[in-house]
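Fold and contact review
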Amino acid sequence: MRGANQSSQPLSSRAMSEEARTWSHDQGARRLSFSRAASLMLSETTAPPYRSEKSRSSISSAEQNEWWEVKSRDHCGSQFVMRESSIFRCVWTHVICVLLMYTGTIFLYRITFIEFHIPEPLDAGGVGFQILDELMSALFLLDLFLNFFFTYRDHEGVEVDSVRLIAKNYFTGCFAINLIACTPEILVQKIFDELTDSDRGTADGSVTGTAGIARLQRFSRLARLTRLARLVKIATFSIKDPAWRWLWRLRGVRVLNSGVGLLWVVHLLACGWYLCASLHHYPEETWVGRRSVDVAGNSLLTRGPMDQWFHSFYFILTVFTTVGFGDMSAGTNGEIIYVCFTMMVGAVVHSIIISEVISVLTSVDKTEEFVGEQTELVDAFAKHTELDDTSHKLMTAWVSFSAKNWASSRYDRELMKQLITDKCMPRSLLGMLPDRLFGGKLMRNSFLFMHGRDIGDMPPRLPLLLALAAHRSDFEAGELIYQMRDYAVNVFMVLSGTFADIARPTPQGGEDEACYGVKLTAAEMMVINMGTDNGSISNRGSGVMAQASSMSKGASLPTSPSTRDMRPESTHLFPYKLYSCNSYFGLVEVIESCERRSTVRCESDGGGSLLVLQKPELYRLMEEFPTFAMAWKTQARRRELHRLRIRARLTSGMT
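Criteria and thresholds
Residues numbered from 1 in each chain as written. Predicted model: local features only at pLDDT ≥ 70, side-chain atom pairs only at ≥ 80, totals over all residues. Heavy atoms only, no water. Helix = DSSP H or I, 4+ residues; strand = E, 2+ residues; numbered from the N terminus. Buried < 20%, exposed > 50% of the residue type's maximum accessible area, 1.4 Å probe, protein only. Areas by Shrake-Rupley, 256 points an atom, 1.4 Å probe, with all protein chains shown as cover. Core = buried A, V, L, I, M, F, W, Y, C linked by side-chain atoms within 4.5 Å. Contact = heavy atoms within 4.5 Å. Phe/Tyr/Trp six-rings, centres within 6.5 Å; stacked < 30°, edge-to-face > 60°. Axes fitted to C-alpha atoms, helices over the stretch in contact; angles between N-to-C directions. Parallel < 35°, antiparallel > 145°, perpendicular 65-115°, else oblique. Nonpolar A, V, L, I, M, F, W, Y, C, P; charged D, E, K, R; others polar. Salt bridge = Lys/Arg side-chain N within 4 Å of Asp/Glu carboxyl O. Pairing = 2+ DSSP bridges.

Looking only at helices and strands, the protein chain features 27 helices and 12 strands. Residues counted as buried form 41% of the 655 residues belonging to the protein chain. For the protein chain, the exposed surface amounts to about 35,800 Å²; the carbon and sulfur share of it is 60%.

Here we come to the nonpolar core. Grouped together as the largest cluster of nonpolar side chains are 36 residues, with contacts concentrated most on F447, L587, L613, L618 and W632. Taken together, the elements giving at least two residues each to this core come down to α20 (441–444), α21 (461–469), β7 (490–496), α25 (587–592), β12 (608–614), α26 (615–624) and α27 (626–648). A per-element tally of this core places α21 first, with 7 residues. Setting aside residues up to four positions removed in sequence, L618 forms contacts with F447, V491, L587, V590, L613 and W632. One finds F113, W273, Y274 and F313 within the second-largest nonpolar core, a separate group that totals 29 residues.

This part takes up the packing of aromatic side chains. The relative placement of two aromatic rings is captured by the distance of their centres and the angle of their planes. Under the definition given, this model contains 25 aromatic pairs. Measuring from ring centre to ring centre gives 5.2 Å for F447 and Y584, while their planes differ by 80 degrees; the resulting arrangement is edge-to-face. With a gap of 137 residues between them, F447 in the loop between α20 and α21 and Y584 in strand β10 (residues 584–585) connect regions that are remote in the sequence. Residue class for F447 comes out buried when judged on its relative accessible area of 0%. Between F499 and F585 the ring centres are 6.0 Å apart and the planes differ by 40 degrees, which places this aromatic pair in the tilted class. Here F585 lies in strand β10 and F499 lies in strand β8 (residues 499–503), a separation of 86 residues in the sequence. Here the two residues F499 and F585 agree in accessibility, since each one is buried. Clustering of aromatic rings is evident, with ring pairs tying together Y109, F113, W273, Y274, W287, F315, Y338 and F341.

Orientation of α26 relative to α27, taken along the N-to-C sense of each, is 125 degrees, at an axis distance of 5 Å. Our classification of the angle between α26 and α27 gives oblique. Residue-level contacts link L618, L621, M622, E623 and E624 of α26 to P626, A629, W632 and K633 of α27. Considered class by class, the residues forming the contact of α26 with α27 number 6 nonpolar, no polar and 3 charged.

Another point: the packing of helix α18 (residues 413–422) against α21. Any two packed helices are characterised by the angle at which their axes cross and by the distance between the axes. Contact geometry of α18 with α21 gives a least axis separation of 10 Å together with a crossing angle of 170 degrees. On the basis of the axis angle, α18 is roughly antiparallel to α21. Of the residues in α21, those in contact with R413, M416, K417, I420 and T421 of α18 are R461, L464, L465, L468 and A469. By residue class, the composition of the contact of α18 with α21 is 6 nonpolar, 1 polar and 3 charged.

Turning to the pattern of salt bridges, a few remarks are in order. This structure, assessed with the given rule, holds 22 salt bridges. Residue R153 is joined to E84 by a salt bridge in which the shortest nitrogen-to-oxygen separation is 3.2 Å. Note that R153 is positioned in strand β3 (residues 152–153) and E84 in the loop between α3 (61–72) and α4 (87–115), a separation of 69 residues in sequence. Judged by relative accessible area, which is 38%, R153 ranks as partly exposed. The partner of E592 in a salt bridge is R597, and the shortest N-O contact between them spans 2.3 Å.

Turning next to the sheet that holds β7. Here we have 4 strands laid out as an open sheet, ordered β5-β12-β7-β10, and antiparallel in their pairing. In this open sheet, the two strands that pair with only one neighbour each are β5 (471–475) and β10. Strand direction decides the pairing type here: β5 and β12, joined by 5 bridges, are antiparallel. Across the sheet, the residue bridging to H471 is V612, located in β12.

To continue, consider unusual backbone geometry. With an omega of 15 degrees, the peptide bond between I118 and P119 qualifies as cis. Topologically, P119 is positioned in the loop between α4 and α5 (127–146). One non-glycine residue, F438, lies in the positive phi region at around 50 degrees. Looking at the secondary structure, you find F438 in the loop between α19 (427–432) and α20. The phi dihedral of N582 is positive, around 80 degrees, even though this residue is not glycine. Looking at the element boundaries, N582 is found in the loop between β9 (574–579) and β10. Here N582 falls in the partly exposed class, since its relative accessible area comes to 24%.

On to the pairing of β8, then. Of all 5 residues in β8, 5 are buried; the element is thus mostly enclosed. Neither face of β8 is open: one carries F499, D501 and A503, the other A500 and I502, and all of them are buried. Taken together, the 5 bridges between β8 and β9 define a ladder with antiparallel strand orientation. In the strand pairing of β9, I502 is matched with P575. The pairing of β8 with strand β11 (residues 599–602) spans 4 bridges and is antiparallel. Note that in β11 the partner of D501 across the bridge is V600.

Turning our attention to the environment of P459. Looking at the secondary structure, you find P459 in the loop between α20 and α21. On the basis of relative accessible area, P459 is assigned to the partly exposed category, the value being 27%.

Below, the discussion takes up the sheet that holds β9. If you trace the 4 strands from one edge of the open sheet to the other, you get β6-β11-β8-β9, paired in antiparallel fashion. Of all strands in the sheet, those with a lone pairing partner are β6 (480–482) and β9, marking the two edges. Taking the axes of each pair of neighbouring strands and ignoring which way they run, one obtains an average angle of 35 degrees across the sheet. α27 contacts β8 and β9 of the sheet and is inclined by roughly 150 degrees relative to β9.

Here it is, written out as structure tokens:
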């Protein structure tokens, strides 16, 4: 601790709160002293009454921000926890998911239709299944303790990495369920033995009563099914996986997922329907005993577990689909109660799944709809301007390939701006976000650096609004960003790759020139040489562009008399001013509202990425942050003079 933090005198609760609001700048990120944050939390628990998360809506905005700031900086034992991005945690989650799927299907079938088989239990499956069960128990027991070191997200979406808060959340959440599921079967068996020891041989003393007690003892194994409650949490975690999100966009996968979900719920309730008969003292009175399976009138009791499962599954499915053939029905009180429960569950689950399937089959994918709209615009433009077939094909292929990326970034930016500026975002969150924008590259860009001022003095909303207004754009090697005498409409910030001003070298210095003509990429050459109609290009444009990306590296493009003359004459232009990562260009012409004074080209062999800020958005930022507007104007003039000095030294090209 430094300065005031070294004071050993006790502070009052109000003084601690005031000091906890003091921020220190460290590479643009605001950090709060952990000891003071802990003191503040102690003062909240001793002076005012403790406030839980559910009661936060009743406190003032200032106190809520203070509470959020302290909580977000409680990192007790964070070096021991595993975050959502941890590779081990991702692998472990998939392992647990596989074990839960086994538990909800094969394990449940073995317990219900083999160990609870009526009239007599059957062999559980030999040594192999016993080893598998012991391995599962060991893994679930390990998972019981690993959850104390897995981060979680609170109701505000913040990933909490404090061991203390993780333990509190775990104890008040699914710890009890996991503990019951991991309880050794021997311990549960002893409890049943103690509870039923005094009743053995009494009552009617029949073999049926003894068999019923034995079934109740095996009922302890069903406690492991409480693990299935974790499927909800794992499903929420898996949704964040990019691969799963990509699969979820496929209609066939969504329909298949709904169908599998319906069959799995039917399987769960079918096992419960069979248990209603298995736990009854007189199986002959249950639906299994009343069910005839052949013309001779033999009961289902004489069949094996697979046949009994098929009949149970069949009955539950008829209840779910409200068919009701009448060949099977509930007879005992327990069966009547269970069927009533099944009908209520089936009405809800069946309606949800069927409506989801209908929605998937009848709805048009939003991305494809957006791509179709953009393609129609190109077709209308080509018809209005009487474009030739080659240009029309090129525009259609470009839109078909690029519009999917445009659709992914479509959202209401004005509403997001209001969320940033008008919703009193907590100061800690507001100070943390700038360093996370575009992987931290935005804050390192020289566009945000003001000459003579520290980066820590930057208003945190400026990079947020800048990131909101800008969009990312990728360029290939040798592609022109803009050329001389273009109308200046954008400012470009370099995220990756190298870009450069290019000019023609002369003995008196470089001369800026416009690079006339059209540079055709591999995809464009393929489109021209395909010789297909516009409709097929609209459907296959994205595939053509994808094939071109692999051809553009080291592959020679085919030339023909119709396309050879369209290549730009740019070999005589050489770079003289480079713009690498964390740099920017194109500002001076936008501020002065004039034509482009130079030509800029992508020089990286692997291409590059730029963050593009449009002219209206720049002017809006300049109005909201006048101090930075003055700095941008000064930097633009200084950088332009520097460009001219470097261009004057361009007297010969590279050999």
